[in-house]
Amino acid sequence: MAADKQPLPSVWARPRKEREQPVLSREHIVAEAVRLLDEEGMDALSMRRLGSRLGAGATSLYRHVTNKDELFELAVDEVFGELTLPAPGDPVAWRAAVADVAHGLRAAILRHPWVAAKLGEAGLSYLGPNVLRRSEHLLSVFEGAGFALREADRAMNAVIAYVMGVATSEAAWISMVVRSGQSAEEWTEQLWPAAEQAVQDFPRLRALYAEQRDAKPSVQNEDNFDYGLQRILDGLEARLRTTASG
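Bear in mind that the values here come from a model prediction, so they are computed numbers and not experimental data. (Residues numbered from 1 in each chain as written. Predicted model: local features only at pLDDT ≥ 70, side-chain atom pairs only at ≥ 80, totals over all residues. Heavy atoms only, no water.)

J.: How should I be thinking about the overall build of the protein chain in this particular structure?
T.: Check the secondary structure of the protein chain and you find eleven helices and zero strands. Starting at the N terminus and ending at the C terminus, the protein chain contains elements arranged as α-α-α-α-α-α-α-α-α-α-α. Counting every position in the protein chain, which comprises 246 residues, the buried fraction comes to 37%. For the protein chain, the proportion of contacts with a sequence separation of at least 24, taken over those separated by at least 6, is 71%. With the model as given, the accessible surface of the protein chain reaches about 14,100 Å², and the carbon-plus-sulfur share is 55%. (Helix = DSSP H or I, 4+ residues; strand = E, 2+ residues; numbered from the N terminus. Buried < 20%, exposed > 50% of the residue type's maximum accessible area, 1.4 Å probe, protein only. Contact = heavy atoms within 4.5 Å. Areas by Shrake-Rupley, 256 points an atom, 1.4 Å probe, with all protein chains shown as cover.)

Structure follows, in structure tokens:
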């Protein structure tokens, strides 16, 4: 007799538990989990700690969420629900539509830096309704611009990979600054003397550092992100012209 198949370890792969209580719902639990993660970080999240904040025992939480891994999946999808995804408009304006989503996703990750660390390990988080909603939206934008569906999927993945890569680095930097107890400007100002000393023997880096010395970190990061994003969109636009002419 074949061994029983093990269920997929994801909240999205099993029927939702419907034993809802008037005061304590899954939506309430997830919203409080996101607040806890934002305020205290990933290490602080436990069913017992979350239950305490909700005025409920951990056993009550387990009626709605099976374990902490599922809670992370739900929290990640909750953050993706913050994205504004307007109905696709003029297909010619596809670059602006994609850029809006990319900037919105980056901003959401930076508001919740813990998300960056969980995106690659949060089970089947890509099956969450808000993640799927974002994917469907981007696919419709790329397809409307003229990409075949399979290539639209690849174009979307290229853009999202860029956003995740940059935002993950930025989120790590934000977390480090927060741990220092200083503002980003204070922390950067304290770092500059050591950085300038380190590049003394590297003329190109020395020139770049001198140029960036008085730049506000948040503004510089935003400019750098948009530069890279626009170059990716340049490549996708060139690809679209090639496939259209072929």
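Next comes the rest of the write-up.
J.: Teacher, can you tell me more about the packing of helix H1 (residues 26–40) against helix H2 (residues 47–54) here?
T.: A pair of packed helices is captured by two measures, namely the crossing angle of their axes and the spacing between those axes. Packing of H1 against H2 brings their axes to within 10 Å, and their N-to-C directions diverge by 110°. Between H1 and H2, the angle is such that the two are roughly perpendicular. Seen from H1, the contacting residues are His28, Ile29, Glu32, Ala33, Arg35, Leu36, Glu39 and Glu40; seen from H2, they are Arg49, Leu50, Arg53 and Leu54. Looking at the contact of H1 with H2 residue by residue, the classes come out as five nonpolar, one polar and six charged. (Axes fitted to C-alpha atoms, helices over the stretch in contact; angles between N-to-C directions. Parallel < 35°, antiparallel > 145°, perpendicular 65-115°, else oblique. Nonpolar A, V, L, I, M, F, W, Y, C, P; charged D, E, K, R; others polar.)

J.: Whenever I open this one, the environment of Leu37 confuses me. Can you help?
T.: Mapping Leu37 onto the fold places it in helix H1. A C-alpha to C-alpha distance of 9.6 Å links Leu37 and Phe72, two positions 35 residues apart in sequence. In this structure, Leu37 is in contact with Met42, Leu45, Phe72, Ala75 and Trp114, ignoring residues within four places of it in sequence.

J.: Just checking my understanding: could you explain a nonpolar patch on the surface for this structure?
T.: Together, Tyr126, Leu127 and Leu132 make up an exposed nonpolar region whose accessible area comes to about 280 Å². Relative to the elements of secondary structure, Leu132 occurs in helix H7 (residues 129–145). (Patch = residues over 30% accessible without salt bridge, like charges linked within 9 Å, V, L, I, M, F, W, Y side chains within 5 Å. Salt bridge = Lys/Arg side-chain N within 4 Å of Asp/Glu carboxyl O.)

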